[in-house]
Amino acid sequence: MGLLNASQLAVRAARCCLSPLSTSKSWLSTKTAPLGDKNILLMGPPGAGKTTVGKIVAHKLGLPLVDVDDDVLEATWKMPVAAKLAAVGGKRFLEEEGQALCNFSASGCVVSLTGSNPLHDEAMQHVKQGGLVVYLDVDGEDIIQRLTRMKVNRVVGQEAGVSMRDILLYRKQFYEKWLDVRVLCGTGDTVEEVAEKVLKAVRRYENRDEETFVSTRCDSAGRSNQKSYFSDVVVEGLAADGGLYVPKNGFPKLDAREWLRLAAMSYQERALVLLEKCIHPLDVSALDLRTMIFKAYGSNFSSEAVAPVKHLMHNQYIQELFHGPTASFKDLALQLMPQLFAYCLPPMCNYLILVATSGDTGSAVLSGFSRLSGVDRHRTGVLVFFPEEGVSEIQKLQMTSYREGNARAVSVLSDFDFCQRTIKRMFGESGLTGHLAVEYGTVLSTANSINWARLLPQVVYHSSAYLDLCRDGVINFGEPVDVCIPTGNFGNAMSAVYAKQMGIPIRKVICASNHNCVVSDFITTGEYDLRGRPLMPSHSPAIDILKSSNLERFIYHVSHGGSRLVRDLFTRLDGQQHFQFPEPLLGRMQQEVLAGWCSEDDCLAAIQSVQAQTGYVMDTHTGVAKVVADRLQDGSCPVVLCSTAHYGKFAPAVFKALQAQNIPEDPVEQLKKLEVAASRPETHREMMRCLKESGRRRWRA
């Protein structure tokens, strides 16, 4: 663009309420902006459409538009940007561009930044003080096509031997560093559609009160004026009335083009985009959330894909959710949840995390909280309660190996339901909670899946499984899949329901139980009956649960927020050990979920059969899912089996399934022997290390 003449400068100055003779470059809006005096700062790579989108947004809001290229840089330099870049070179250009932006001030305007502004820290710190940075996250191929059509020749770094893809990839780190709000642009989105997304993002930022949480048991008449935000429910865990927290206005929904953008991304990038949409940036900033996610899903996972999907046989696929440090699906939530918890902690208070586990949650909680550092680690204690006879030997060794810091595992001479019920009673005992608060400045919380921050990250892996199938050409986006989940406390199944709410085309969530099949019976008949029903030990102890906590969230979902119904049903269950679901709602529930159960023998037979046909060794919980999927899934679409644990955690049962002889007693030797039998998946190295360390500790003792 050439030099502006005097009349053009006067028009622009008048539009932005700037004196033509002013040298301070100060823009001031006379309109009431959505963010008050804050500017809306549009950031993105060259070719993202910032200027055009800015014009549309400014027009719709009735605000002045400032284009940094035209209104700041060219006005300051009195020459075109391309000419300046050619004259001084890229390094000097970035410095002078940054200094020009440091001298810029505006209030209540829409500002279209240049693609290279974010490369200058001082300049971005300056403009961010008075504005909301909205990142136009545009598909790279769209950008390259636009720049090719426009024949752009003024991009910093554009030189021989450097491709535009390399430039965009390099710059992405800076955009991620400075963003407040991401606008995910689908492939092929028009500038008008992007502008609407910007307006929606700004409104969302402005209206945090639209993203509050309510208890599943509290109707509108009983709700106080006090609002519960994400940062509140993460710390509180359980609602004061005994209910579980859910988002008042449900989940955000992505359109097909946005999902297709995610299909090309890594697991960490998918998690970041999805969780940004579910966690308000005033609760957890985008940059801090990014830091947590990349720490949660990094080298501590044995698979770079984090939760890979692999073909098993026919139309069946396995999502391997056991590549985290404790070899179970709980790691997908519990490597992130403790960081969210610590981030949201109010000052000057200690917290004691109480956890009931049927096996896998315990070691995953201990692992996740042990990774906290500094003050956060000292302010947080963890007590894990597990049934002494209700977990595998390897699970027990994993839990008891954590002996440092403020984390301990305690065995209980009862079952999981007793552990879970007792923890809920502790929360309701005002004498206990008051004593801890007054004497020790300590508040109780929980890391079970009743805590929203435990459940939310699980939505990511269900979404990711579908996206992997799209990426690999198994399905086209929009085609249905079924998901079969070993089900005990219903958190895993509930997160699949929420993924469907966000737009993933899950046809049926299939809940698979072992012989402790109270959930399966309920979904089939509508009757939840614990009367005279003992908890029976099984080869799949993680789903040895009779009182399913997250079923409360599902009933709330099916009844469209029927908190009075939820309260009445679960009060009846507590008092009478039984309730009957209303007939009209039963059909609605069965439209979303199917359920079945299998015997111990059927589970072991499935493990043996799959190993014989494919060389793949499933754990016992995955075996349960396989049997139920074979019975209930009609084969008309792919079905994803959630493999919730590595087979090595349940070695004795797997040996029994494979009809192995001469089984060693030592857990480490058991894993070595199983490794020979399994062509896939590989031995879990971190679990092996943990067991070896536990063995050395026992030997020293």
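Residues numbered from 1 in each chain as written. Predicted model: local features only at pLDDT ≥ 70, side-chain atom pairs only at ≥ 80, totals over all residues. Heavy atoms only, no water.

Looking at an unreviewed UniProt entry, one finds the protein chain named Threonine synthase N-terminal domain-containing protein, with Amphiprion ocellaris as its source organism. UniProt, in its Pathway (unreviewed entry) section for the protein chain, records the words "Amino-acid biosynthesis." Turning to the protein chain, the UniProt record has this under Sequence similarities (unreviewed entry): "Belongs to the threonine synthase family." (UniProt positions renumbered as here; feature names shortened; annotations may be inferred.)

A. Spotlight on the pairing of strand β21 (residues 639–643). Burial within β21 is extensive, with five of its five residues counted as buried. The side-chain alternation of β21 yields two buried faces, one formed by V639, L641 and S643 and the other by V640 and C642. Relative to β21, strand β11 (residues 316–320) runs parallel, the two sharing five bridges. In the strand pairing of β21, E320 is matched with S643. Here three bridges tie strand β16 (residues 481–486) to β21, and the two strands are oriented parallel to one another. Paired with C484 across the two strands is L641, which belongs to β21. (Buried < 20%, exposed > 50% of the residue type's maximum accessible area, 1.4 Å probe, protein only. Helix = DSSP H or I, 4+ residues; strand = E, 2+ residues; numbered from the N terminus. Pairing = 2+ DSSP bridges.)

B. Structural view of the sheet that holds strand β14 (residues 407–412). Pairing is parallel in the open sheet, where four strands are placed in the order β14-β13-β12-β15. Bordering the open sheet on either side are β14 and β15 (442–446), each of which pairs with just one other strand. Within this sheet the neighbouring strands show an average axis-to-axis angle of 25°, counted without direction. Both strand β12 (residues 350–356) and β15 contribute to a ladder of five bridges, which runs parallel. Within the sheet, the bridge partner assigned to I353 lies in β15 and is S445. Running over the sheet, helix α19 (residues 416–428) touches β12, β13 (380–387), β14 and β15 and is turned about 150° from β12. Of the strands in this sheet, β12 and β15 touch helix α20 (residues 430–440), which is tilted by about 130° from β15. (Axes fitted to C-alpha atoms, helices over the stretch in contact; angles between N-to-C directions. Contact = heavy atoms within 4.5 Å.)

C. Highlighting the sheet that holds strand β10 (residues 309–313). If you walk across this open sheet you meet the six strands as β10-β11-β21-β16-β17-β20, and the pairing is mixed. For this open sheet the edge positions go to β10 and β20 (593–597), each flanked by a neighbour on one side alone. Geometrically, the sheet is characterised by an average inter-axis angle of 25° between neighbouring strands, direction not taken into account. Bridging between β10 and β11 involves four bridges; their strand directions are antiparallel. In the sheet register, V309 faces β11, and the bridge partner there is Q319. The strands that helix α28 (residues 620–632) touches are β10, β11, β16, β17 (506–513), β20 and β21; relative to β17, the one it contacts most, it runs at about 125°.

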